[in-house]
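Letter by letter, the chains look like this.
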Amino acid sequence: MDFMKIGIVGSGIVGRVLGSAFLNEGHKVMLGTRNISKEEVTKWINENPSGMMGSFQETAQFGEIIVLAVGGLVAEDAIVQAGKEHFSHKILIDTTNPIAAVPPDNGVLKYFTTLEESLMERIQKLIPEAKVIKAFNSVGNAFMYKPAFPGGTPTMFICGNDDSAKKSVTDILSSFGWETEDMGKVEAARAIEPLCILWCIPGFIRNQWTHAFKLLKL
Ligand SMILES: NC(=O)c1ccc[n+]([C@@H]2O[C@H](COP(=O)([O-])OP(=O)(O)OC[C@H]3O[C@@H](n4cnc5c(N)ncnc54)[C@H](OP(=O)(O)O)[C@@H]3O)[C@@H](O)[C@H]2O)c1
């Protein structure tokens with residue numbers, strides 16, 4: 001695919017890992033934060049000198065494709081802070097999970113959403129003109145770029161209402177070393193978001209965090 005301007009709203013580990021990955025693939029990247037003097041952000045810029053940093057608003061404005069990488073509880077706030085108008089007609093790759101601010105039950109995370117309405121659906125309603133695509137939510141950040149598993153190429157489950165946006169995200173995922181499974185429209189996030197709960201259970205109960213999902217097909 002053509003090199004693109006990627007605006008990453010969120011400077012946590014997911015934003016930084018994906019920012020470095022997009023730079024490595026030749027794209028231009030701005031990492032968005034509310035605090036550009038934050039230690040992790042200045043370290044990221046030192047390690048990624050071709051990367052840029054900016055406010056959430058500057059980042060959303062800059063991005064031809066935007067990545068949302070903030071905590072689920074503040075996802076809608078972060079979009080409002082970034083300026084809803086900056087998302088119109090653009091692809092928004094939604095990495096978020098609706099994790100509630102309470103401890104897990106025997107390793108099972110709690111969500112603040114229900115099985116009838118995912119966080120992604122809330123985000124799509126907030127910015128109806130954006131092409132929101134769920135991706136990267138159900139694997140640890142250490143495996144988001146060029147995952148190498150003896151069992152083969154893992155599967156990224158994606159969904160979203162816009163087919164051409166899903167094609168672009170599939171191309172990005174292929175360049176990042178993933179096979180992609182399109183699970184349909186935005187409502188499919190009701191099933192994809194809980195995959196993060198499943199992914200985290202072995203981590204919480206036996207400190208095993210080194211896995212990814214693969215869909216086996218005939
Ligand atoms: N960690 C993983 O391996 C992993 C894997 C898959 C999916 N995810 C999902 O990816 C998302 C990002 O996770 P993360 O661990 O990288 O980051 P995080 O710690 O959940 O979020 C960090 C970002 O949230 C912003 N933020 C915090 N409070 C805010 C508020 N009140 N308003 C607006 N923004 C606020 C921070 O802003 P500043 O930049 O100003 O500090 C920072 O950019 C989460 O939804 C998570 O569930 C994580």
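The structure this text deals with has already been given above.
Residues numbered from 1 in each chain as written. Predicted model: local features only at pLDDT ≥ 70, side-chain atom pairs only at ≥ 80, totals over all residues. Heavy atoms only, no water.

**Student:** Any chance you could break down the layout of surface pockets for me, citing the residues and the numbers?
**Tutor:** The space that makes up the largest pocket amounts to roughly 380 Å³. What lines the largest pocket is a set of 21 residues, and nearest its centre among them are Val-14, Thr-95, Asn-97, Ile-99 and Asn-137. Of all the secondary structure elements, the ones that give two or more residues to the lining of the largest pocket are helix H1 (13-24) and helix H8 (195-206). Residue contributions to the lining of the largest pocket peak at three residues, all from H8. Residues of the lining of the largest pocket, tallied by class, amount to 12 nonpolar, nine polar and no charged. A volume near 190 Å³ is recorded for the second largest pocket. Gly-10, Arg-34, Phe-56, Val-70 and Val-74 are the residues nearest the centre of the second largest pocket, which is lined by 15 residues in total. The element best represented in the lining of the second largest pocket is helix H4 (residues 75-82), accounting for three residues. Its residues assigned to classes, the lining of the second largest pocket shows five nonpolar, seven polar and three charged. (1 Å grid on protein atoms, 1.4 Å probe; cavity = no way out; pocket = protein on both sides within 12 Å on 5 of 7 lines; lining within 4 Å. Points joined across faces, edges and corners; volume = space filled by probe spheres on them. Helix = DSSP H or I, 4+ residues; strand = E, 2+ residues; numbered from the N terminus. Nonpolar A, V, L, I, M, F, W, Y, C, P; charged D, E, K, R; others polar.)

**Student:** With reference to specific residues and values, describe the site of the ligand.
**Tutor:** Looking at the ligand, there are 26 residues lining it, with Ser-11, Thr-33, Lys-38, Val-70 and Asn-141 nearest. The contact in question runs from an oxygen atom of the ligand to an N or O atom on the backbone of Val-14, over 2.8 Å. Between an oxygen atom of the ligand and a main-chain N or O atom of Val-70, the distance comes to 2.7 Å. Across the shell around the ligand, the residue classes break down as 10 nonpolar, 14 polar and two charged. (Near = heavy atom within 4 Å. Polar contact = N/O pair within 3.5 Å; in protein donor to acceptor, adjacent residues only side chain to side chain.)

**Student:** Can you explain the packing of H4 against helix H5 (residues 119-126)? Please cite residues and give values.
**Tutor:** Close contact between H4 and H5 brings their axes to 10 Å; oriented N to C, the two are set at 25 degrees. Judged by the inter-axis angle, H4 sits roughly parallel to H5. The hand of the H4/H5 crossing is right-handed. Two secondary-structure elements touch here, H4 through Ala-75, Glu-76, Ile-79 and Val-80 and H5 through Leu-119, Arg-122, Ile-123 and Leu-126. (Axes fitted to C-alpha atoms, helices over the stretch in contact; angles between N-to-C directions. Parallel < 35°, antiparallel > 145°, perpendicular 65-115°, else oblique. Left-handed = near helix turned anticlockwise from the far one by under 90°. Contact = heavy atoms within 4.5 Å.)

**Student:** Before we move on, could you go through the sheet that holds strand E6 (residues 131-134) and cite the residues and values that matter?
**Tutor:** Ordered by their spatial adjacency, eight strands build an open sheet running E3-E2-E1-E4-E5-E6-E7-E8, and the pairing between neighbours is mixed. For this open sheet the edge positions go to strand E3 (52-54) and strand E8 (179-182), each flanked by a neighbour on one side alone. Strand-to-strand twist in this sheet, taken as the mean axis angle between neighbours without regard to direction, amounts to 25 degrees. (Pairing = 2+ DSSP bridges.)

**Student:** For the environment of Glu-64, give the residues involved together with the corresponding values.
**Tutor:** For Glu-64, the position within the fold is in the loop between helix H3 (56-62) and strand E4 (65-68). For Glu-64, a relative accessible area of 39% corresponds to the partly exposed category. Between the alpha carbons of Glu-64 and Ser-50 there is a distance of 17 Å; along the sequence they are 14 residues apart. Only 2.7 Å separates the side chain of Glu-64 from the backbone nitrogen of Lys-5, close enough to count as a polar contact. (Buried < 20%, exposed > 50% of the residue type's maximum accessible area, 1.4 Å probe, protein only.)

**Student:** Tell me about the environment of Pro-147, and name the residues and values.
**Tutor:** Within the secondary structure layout, Pro-147 lies in the loop between E6 and strand E7 (155-160). C-alpha of Pro-147 to C-alpha of Ile-36: the two residues are 111 residues apart in sequence and 30 Å apart in space. Aside from chain neighbours lying at most four places away, what touches Pro-147 is Pro-154, Phe-176, Gly-177 and Trp-178.

**Student:** I'd love a proper account of the nonpolar core, names of residues and values included.
**Tutor:** One finds Ile-8, Leu-18, Phe-22, Ile-93, Phe-136 and Phe-176 to be the most contacted residues of the largest nonpolar core, which totals 36 residues. Ignoring anything within four residues of it in the chain, the contact list for Leu-18 reads Ile-8, Val-67, Thr-95, Phe-136, Met-144 and Phe-176. If you look at the next biggest cluster of nonpolar residues, it comprises 25 residues, including Leu-92, Ile-123, Phe-157 and Cys-159. (Core = buried A, V, L, I, M, F, W, Y, C linked by side-chain atoms within 4.5 Å.)

**Student:** Now, about H4: what can you tell me, with residues and values included?
**Tutor:** Taken as a whole, H4 has its buried residues at Ala-75, Ala-78, Ile-79 and Ala-82. All buried residues of H4 project into a common sector of 100 degrees when viewed along the axis, lining one side. As for H4, its buried residues are in contact with strand E1 (5-9), H3, E4, strand E5 (91-94) and H5. (Arc of directions from axis to C-beta.)

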